[in-house]
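# Chains, contacts and geometry: an overview
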Amino acid sequence: MPPYNPLMENKTARVSKRRRCDSMGTESLVEEIDDVTLPGLGIVHVPVVKGDFNALPLKVQEFIAEHVKLCRPKGIYLCDGSEEEAEELTEKLLNRGTLVKLDKMDNCYLCRTDPADVARVESQTFICTDEKYKTVPHVAEGFKGIMGQWKSPEDMADVLDSRFPGSMKGRVMYVIPFSMGPIGSPLSKIGVELTDFNYVVLSMRIMARVSTKIWDMLGNTDSDFVKCVHSIGAPRPLQKKVINHWPCNPGKIIVAHYPDERKVMSYGSGYGGNSLLGKKCFALRIASRIAKDEGWLAEHMLIMSVTNPAGQEKFIAAAFPSACGKTNMAMLTPSLPGWKVKCIGDDIAWLRFDKDGRLRAINPEAGFFGVAPGTNNKTNPVAMATCEKNTIFTNVAMTEDGGVFWEGLEKETDRNIPITTWRGDKWKVGQEGKAAHPNSRFCCPASQCPIIHPAWEDPEGVPIDAILFGGRRPAGVPLVFEAFNWEHGVMLGASLKSESTAAAEHTGKTIMHDPMAMRPFMGYNFGDYLQHWLDMKQPGRQMPKIFHVNWFRLNEHGDFLWPGFGQNIRVIDWMCRRMDGENIVEPSPIGLLPEEGSIPLQGLGPIDWEEMFSLPKDYWMEDIKESKQFLHDQCGCDLPDVIEQQLNAQQERISENL
Ligand code: OXD
Ligand code: MN
């Protein structure tokens, strides 16, 4: 028996044709949802401007009707994910000025947002559950928890009640059916997003699989869908001036998640993670809770494969905080001859052990929403090739001939070409200030990545051999080390830290904790999450090795000790040999370090191995003390004993053996 759902009672939904006049007095027939009667909701009349409402599964009709009643759009547009639909919406956005065509490129567009709406807004992102400790751990008194923010459903109801009613007035509500993961894969999940911003429709059809097949899947089974509701909060008539043809309501942004109901409500922002609800909201926050309930993992990880010159392929999943180079690593161009890298995903991995005890991963996304600045033909030629066509750029700068520009492209751009910055100012290479916003993005289909893995859409997922954790650590942390075992690796992930970046609203360069690179994306109690990770280890399962990497260590002059990018293949080579069991390690108090000389350095010029792998005792004494304190403060009694033991053992090793 499906669970009792009051909305399932007494439902009727009919579509009828009505005569309507437009403002010029021209008559036409439009479809209207007629008499959508839901208990306590009354009657709704709204034209269906595209699609067949009656053909939708009833549970979807009810979801739409409930939010039509709440948000009062002027019409309903049922998206089908087709090319024609994309062309129609693109045309509309071009006419309005929200998009600008990039003439030098193939089917590429530029969008400049309201400068007040440029990043994920973590401070306004909440998880709502009846019980607080389902969402957040027992944080120590006097401390602010950073692993997720909780609000009671009652308090959130007040917040939403002052925003959503009438929020889509004068706008069309787009209904987007989508799958996270290949359609039909047992590892995939379905969602439906309602949004009043067609930029979101265009971006969602790149980032997720938007298709009417979803309706059939929902209609034929009792499988459920994640309910995603998004409004930019700019009903017509407008209360304030729209800046850059980017309507939004930055002062009132709220992103609310209901993991128990599998629902997301997002208001006020059109920007990436706040509005493309399949990505961070669904595929990480809601999915991490689904994963906990169902025994798998939803993680902020890239997925890549590497094949050595002997033809042996290995798959790696790697967790790095936002804007730490995940996209660059996922698309790495190996500097060593004979090596091949293939990309499966650059941001999110869903991982599950199969019946043979192999960890398998899918990339739930269908596109890349990559940070543009820093990307160029040296750092990531593959990404450059991937975003040459069918791409929506947001907040990058534009060259006079209709190309794109951002910081990092100076050497590839004619110094004299006039450039328009993301703010619309005239600019030239070499001039002061930044042309692109530091969090400007390219949004392009993964399928056009020249090194996309042939199995990237395999419904079974790819087998994972190793998990990496990493961050920007300018001091103290060696290039690479290996965890002693699974439990030690989970502790290393829990202690992950990194210099802050522009992906969210943080400013300044401080080292921030970002456990498992999931700090902004946790969907439930972080202590339970760590226990869930520990519980993954079970007899009969082949546990992947865990490594910690740091491409960003600086010397005393502030120069990088390691060249990074394509040269990281040398570190991957070492890790692959470890996966094959080669004895090329030296134990240290923090983990297994590479034996001197075991990472191939030929042709690199001078590399200071000693400094790159040095473990300054003061630094590590302080680091472990601080990590312990952090996890105690943040997790309190929810910190698993095994993690506590791992922290103590690490501290003891550092104090006695370093
Ligand atoms: C992203 C992020 O957009 O992590 O991927 O912020
Ligand atoms: Mn990310």
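None of these values were measured; they are calculated from a predicted model.

Moving on, we come to the sheet that holds strand β26 (residues 441-445). Taken in spatial order, the 5 strands line up as β5-β6-β21-β26-β20 in an open sheet, and their pairing is mixed. Strands with a single pairing partner mark the edges of an open sheet, and in this sheet they are β5 (99-101) and β20 (367-371). Neighbour-to-neighbour, the strand axes of this sheet turn through a mean angle of 20°, independent of strand direction. Relative to strand β21 (residues 392-394), strand β6 (residues 109-111) runs parallel, the two being bridged by 3 bridges. Looking across to β21, one finds that tyrosine 109 is bridged to isoleucine 392. Across the sheet, helix α2 (residues 83-96) is in contact with β5 and β6; its angle to β5 comes to roughly 100°.

Tracing the backbone shows asparagine 308 in the loop between β15 (301-307) and β16 (313-319). In terms of polar contacts, asparagine 308 uses its side chain to reach the side chain of glutamine 312, at 2.9 Å.

With that settled, the discussion passes to the packing of aromatic side chains. Counting across every chain of the model gives 20 aromatic pairs. Each ring, one from phenylalanine 469 and one from tryptophan 533, has its centre 6.0 Å from the other, and the planes form 50°; the classification is tilted. Taken together, the residues span a long stretch of sequence, with phenylalanine 469 in strand β28 (residues 466-470) and tryptophan 533 in helix α12 (residues 526-535) at a distance of 64 residues. Residue tryptophan 533 is classed as buried on the basis of its relative accessible area, which comes to 0%. With 5.5 Å between their ring centres and 20° between their planes, tryptophan 486 and tryptophan 533 make a pair best called stacked. Within this pair, whereas tryptophan 486 is found in helix α11 (residues 486-494), its partner tryptophan 533 is found in helix α12, the two being separated by 47 residues in sequence. For the pair tryptophan 486 and tryptophan 533, a shared accessibility class is recorded, and that class is buried. Three or more aromatic residues joined by ring pairs make a cluster, and in this case those are Phe178, Phe282, Trp296 and Trp350.

This part covers the coordination of the manganese ion (ligand 2). Protein coordination at the manganese ion (ligand 2): the donors are Lys280 (NZ), His300 (NE2) and Asp347 (OD), at 2.2 Å from the metal. Sequence spacing of the donor residues for the manganese ion (ligand 2), all on one chain, is K-x19-H-x46-D. Residue lysine 280 is located in helix α8 (residues 278-294), and its partner aspartate 347 is located in the loop between β17 (340-345) and β18 (349-353); the two are separated by 67 residues in the primary sequence. On the accessibility criterion, lysine 280 (6% relative accessible area) is buried. A relative accessible area of 9% means that aspartate 347 is categorised as buried.

All right, on to the environment of isoleucine 146 then. Mapped onto the elements of the fold, isoleucine 146 is located in the loop between α3 (132-135) and α4 (153-161). Classification of isoleucine 146 as partly exposed rests on a relative accessible area of 32%. The spacing of isoleucine 146 and arginine 519 is 373 residues in sequence and 6.8 Å in space, taken between C-alpha atoms. In this view, isoleucine 146 contacts His513, Arg519, Phe630 and Gln634; residues no more than four positions away in its chain are not counted.

Taken together, the neighbourhood of ligand 1 is formed by 9 residues, with Arg120, Lys280, Ser322, Asp347 and Arg441 sitting nearest. Between arginine 441 and ligand 1, the recorded distance is 2.9 Å, taken from a side-chain N or O atom to an oxygen atom. Taken by itself ligand 1 offers 210 Å² of open surface, and the protein chains cover 93% of this. In terms of residue class, the shell around ligand 1 is made up of 2 nonpolar, 2 polar and 5 charged.

Another point: α2. Compared with the 20 Å implied by 1.5 Å per residue over 14 residues, the 20 Å span of α2 between its first and last C-alpha is a close match. If you check which residues of α2 are buried, you get Glu85, Ala86, Leu89, Thr90 and Leu93. Taken around the axis of α2, the buried residues stretch over an arc of 130°, which confines them to a single face. Exposed residues pointing more than 90 degrees away from the buried face of α2 are listed as Glu84, Glu87 and Asn95. Considering only its buried residues, α2 is in contact with β3 (46-50), β4 (75-78), β5, β6, β8 (172-180) and α5 (198-207). At the exit of α2 stands glycine 97, carrying a positive phi of roughly 100°.

For the rest of this paragraph, the subject is helix α1 (residues 58-71). In this model, α1 (14 residues) spans 20 Å end to end at C-alpha, consistent with the 20 Å of a helix rising 1.5 Å per residue. Buried within α1 we find Val60, Gln61, Glu62, Phe63, Ile64, Ala65, His67, Val68 and Cys71. Two residues or fewer after α1 comes arginine 72, characterised by a positive phi angle close to 60°.

This next bit is on a negative patch on the surface. Taken together, the side chains of Asp130, Glu131, Glu154, Asp155, Asp158, Asp161 and Glu261 define an acidic patch exposed on the protein surface. On the secondary structure map, aspartate 161 appears in helix α4.

Among the structural elements, alanine 466 can be located in strand β28. For alanine 466, a relative accessible area of 0% puts it in the buried group. If we ignore the near neighbours within four places in the chain, the residues touching alanine 466 are Phe315, Ile316, Ala317, Pro544, Lys545, Phe547 and Met579.

Where α2 contacts α5, the axes come no closer than 10 Å and their chain directions differ by 140°. By the criterion of interaxial angle, the relationship of α2 to α5 is oblique. Viewed along their axes, α2 and α5 form a crossing whose handedness is left-handed. On α5, the residues that touch Glu83, Glu85, Ala86, Leu89, Thr90, Lys92, Leu93 and Arg96 of α2 are Asn198, Tyr199, Val201, Leu202 and Arg205. Along the lines of polarity and charge, the residues of the contact of α2 with α5 split into 6 nonpolar, 2 polar and 5 charged.

Cut-offs and rules
Residues numbered from 1 in each chain as written. Chains lettered and ligands numbered in written order. Predicted model: local features only at pLDDT ≥ 70, side-chain atom pairs only at ≥ 80, totals over all residues. Heavy atoms only, no water. Pairing = 2+ DSSP bridges. Helix = DSSP H or I, 4+ residues; strand = E, 2+ residues; numbered from the N terminus. Axes fitted to C-alpha atoms, helices over the stretch in contact; angles between N-to-C directions. Contact = heavy atoms within 4.5 Å. Polar contact = N/O pair within 3.5 Å; in protein donor to acceptor, adjacent residues only side chain to side chain. Phe/Tyr/Trp six-rings, centres within 6.5 Å; stacked < 30°, edge-to-face > 60°. Buried < 20%, exposed > 50% of the residue type's maximum accessible area, 1.4 Å probe, protein only. Donors = N, O, S within 2.8 Å, 3.2 Å for Na, K, Ca; no water. Near = heavy atom within 4 Å. Areas by Shrake-Rupley, 256 points an atom, 1.4 Å probe, with all protein chains shown as cover. Nonpolar A, V, L, I, M, F, W, Y, C, P; charged D, E, K, R; others polar. Expected span 1.5 Å × (residues − 1). Arc of directions from axis to C-beta. Patch = residues over 30% accessible without salt bridge, like charges linked within 9 Å, V, L, I, M, F, W, Y side chains within 5 Å. Salt bridge = Lys/Arg side-chain N within 4 Å of Asp/Glu carboxyl O. Lys, Arg positive; Asp, Glu negative; His and termini not counted. Charge placed at Lys NZ, Arg CZ, Asp CG, Glu CD. Parallel < 35°, antiparallel > 145°, perpendicular 65-115°, else oblique. Left-handed = near helix turned anticlockwise from the far one by under 90°.

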